[in-house]
Amino acid sequence: MLSVARSRGIETAFDRADQMAARCPFGSAGVCCRSCLEGPCRIVPNGNGPRRGVCGSNADTLVARSLLNTMIQGASGHAEHGREVAMALLKTAEGKAPYVIRDVGKLMQVAEGLNLEIEGKSINEVAKAVALTALEDFQKHEGTMNWIEYRGHKKSREIWDKLGITPVNAHLEIAKAVTRNAMGGDADPLNLLLGSVTMGLVDGYSGLHLSSDLQDILFGTPKAVKFNYSLAVLNEKQINIAVHGHIPLLSEKIVEWARILEHKALTVGAEGINIVGVCCTGNELLMRQGVHAASSFSSQELVIVTGALEAMVVDIQCIMPGIQQVAECFHTEIITTMPHVKIPGATHVNFEPEYADEAAREIVERSIRNFAKRDPIKVVIPTGSVEAYAGFSVEQLCEVTGKINEKNPLQPLIDAIKDGTIRGVAALIGCTNPREPQDIGNVTVARELLKNNVLIVTTGCAAHSLAKYGLMNEGGLEACGDSLKSLLQQLGQHAGLSTLPPALHMGSCVDNSRPLDLLSAIADELNVPVSSLPAVGSCPETHSPKALTIGTYFIAHGVDVHVGVDPQVSGSNLVTRTLTGSREDKGITMDGLFGGKLIVESDPVKAAAILLERIDMKREALGI
Ligand code: CUV
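Residues numbered from 1 in each chain as written. Predicted model: local features only at pLDDT ≥ 70, side-chain atom pairs only at ≥ 80, totals over all residues. Heavy atoms only, no water.

**Student:** Requested: an account of the coordination of the nickel atom of the ligand, with residues and values cited.
**Tutor:** For the nickel atom of the ligand, the protein coordination sphere consists of His246 (NE2) and Cys509 (SG), at 2.2 to 2.4 Å. Taken together, the positions of His246 in the loop between strand 4 (239-245) and helix 11 (248-260) and Cys509 in the loop between strand 13 (503-507) and helix 22 (513-526) put the pair 263 residues apart, joining distant regions of the chain. (Donors = N, O, S within 2.8 Å, 3.2 Å for Na, K, Ca; no water. Helix = DSSP H or I, 4+ residues; strand = E, 2+ residues; numbered from the N terminus.)

**Student:** Explain helix 9 (residues 170-181) to me, and be specific about the residues and the numbers.
**Tutor:** Under the 1.5 Å per step criterion, the end-to-end length of helix 9 is 16 Å for twelve residues, consistent within 8% with the ideal 16 Å. The set of residues buried in helix 9 consists of Ala170, Leu172, Glu173, Ile174, Ala177 and Asn181. In this fold, the buried residues of helix 9 make contact with helix 4 (59-93) and helix 10 (189-219). Put simply, Asn169 is the residue that caps the front of helix 9, since its side-chain oxygen is 2.8 Å from the backbone nitrogen of His171. (Expected span 1.5 Å × (residues − 1). Buried < 20%, exposed > 50% of the residue type's maximum accessible area, 1.4 Å probe, protein only. Contact = heavy atoms within 4.5 Å. Polar contact = N/O pair within 3.5 Å; in protein donor to acceptor, adjacent residues only side chain to side chain.)

**Student:** Give a description of the packing of helix 10 against helix 11 that names residues and reports values.
**Tutor:** Two numbers describe how helix 10 lies on helix 11: the axes approach to 12 Å, and their chain directions differ by 20°. Taken together, the axes of helix 10 and helix 11 are roughly parallel relative to one another. The two elements helix 10 and helix 11 cross, and the hand of that crossing is right-handed. Of the residues in helix 11, those in contact with Gln215, Leu218 and Phe219 of helix 10 are Pro248, Leu249 and Glu252. For the contact of helix 10 with helix 11, the residue count by class is four nonpolar, one polar and one charged. (Axes fitted to C-alpha atoms, helices over the stretch in contact; angles between N-to-C directions. Parallel < 35°, antiparallel > 145°, perpendicular 65-115°, else oblique. Left-handed = near helix turned anticlockwise from the far one by under 90°. Nonpolar A, V, L, I, M, F, W, Y, C, P; charged D, E, K, R; others polar.)

**Student:** Give me the packing of aromatic side chains: which residues, what numbers.
**Tutor:** According to the stated counting rule, one finds five aromatic pairs in the structure shown. With a centroid separation of 5.9 Å and 75° between ring planes, the pair formed by Tyr205 and Tyr553 is classed as edge-to-face. Separated by 348 residues along the polypeptide, Tyr205 in helix 10 and Tyr553 in helix 23 (residues 545-556) bring together distant segments of the chain. Across the pair, Tyr553 and Tyr205 agree in class, each one buried. Clustering of aromatic rings is evident, with ring pairs tying together Trp160, Tyr205, Tyr553 and Phe554. Directly above the aromatic system of Tyr99 lies the positively charged group of Lys253, at a separation of 5.2 Å from the ring centroid. The ring of Phe330 is capped by Lys378, whose NZ or CZ atom sits 5.5 Å from the centre of that ring. (Phe/Tyr/Trp six-rings, centres within 6.5 Å; stacked < 30°, edge-to-face > 60°. Lys NZ or Arg CZ within 6 Å of the ring centre and 35° of its normal.)

Following this line, the structure appears as structure tokens:
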């Protein structure tokens, strides 16, 4: 599709990435600062030129501040996601929004986990109490975030409390981080790095855990489901609507309204309405509804280049403004839906949970009307989509393993880890990045680990890569080492499938709560901290600050995290050493504090080798 775009003179992110080839050395090293009007300052820590900014900040301070800045962005995005969903749950419980509670069991389980009274209460009363408890995590001024009390692993929590970095409420912590990062604020690089860890925890608990829990309550906890991946999921004969972004509140409704209005599609000569997913909104829908996925982040513009897309509906995050320029070459209508996320030239259909039905209906009707404007000569849809299985929530996994050990569903996994059938667990997460060859890093790390019997769980656009390259269906078993392969086959039979797929798709970026829930449960069974487990995270192709914040949340639990893209901290030896150093090294390191560290390696084969080494190191320390 890239060559189709180029042959038609349509510019995409891949072309712009080429034009941007020379990276700014100051920005890359994290040593430029635009925090005040004394600057902008850029310093040269090891060469000829100024070694401090006008205010006296040195490279360590600048690099730590610029990292914290990235973390603030990441944490804010996910916290806002959580808050939006909490508001939607509240309005649903109050009968003001047209959603229903699809998973009452999960609602009760979450309410109990939050120590809420459920005896004698109606579903809506419990849902309201859960929503208000969630919203407290953006309001309270003392104590600890409710979701950390509920979901945080006790042994990790002790470390955070001792360091004084446990968040009180998301908005308070974000405001504090912005303040400490401003000119004249915090200048201590180590203190700033601890501030980054707090952002990781804000992201993890007010963003990831809170969102996954509440979305499961509203839309159902994911179960094994089949979907197809690639641009070939667009259907030439149907009205195609792509849903893109992150929050599934509106897109769930669009799926509903597409079914209701299917008959209208026939009146304009289409054979039906086909919803396809892009990025994490796509992940949300495929996990719960089996909606086909068309594209990850990098190639989002190429969905439009097919010429067969009637509308691309976007909510928040990871939406390239470039989609509008591409859409103007076709009949595709870009529809923004959030008041704080608009694109010049795009149509805006405002979304509020109260008016979800009206918004979804308008969007589907607009798409139906756009079908008449499609130019058949411009339509190019690649062929050959890949079948994939997803929906592996912790609940779904335990349902499968519970068939082997009903009393203790995790035991079969723990036994497999202990006896080496599973050498370790890796969460393959994060994005694709137009500056990197798409999917190669994600797929290579996964294949290297699978070959070595590492169980892969995956989320986000990394999951798109693995689905596209066949690692979510039976054929992908050839990538696995022998012991992992037979375990997946054995478990699959209990799930009523011929095998579990090599890569277990756990959902969107906010669903990075799920791998951590799995690890926490295993750690509890073994009575060890999460940091003792032979588990790692890998983010080979990230572009997003959110992925770095998620990585930090993993590190705060003592899980090593690999990043394949330069995190822009090389301007400070102190910051680099603190993040990437080992516990045996001199000075303070993340590994020493939390038991997990950052691994920066752009070569995916080398990265996998390092991850295996760390897995083996943790196995040895555990005595398994
Ligand atoms: Ni949140 S953050 S590109 S869509 S995973 Fe995809 Fe996932 Fe990264 Fe964005």
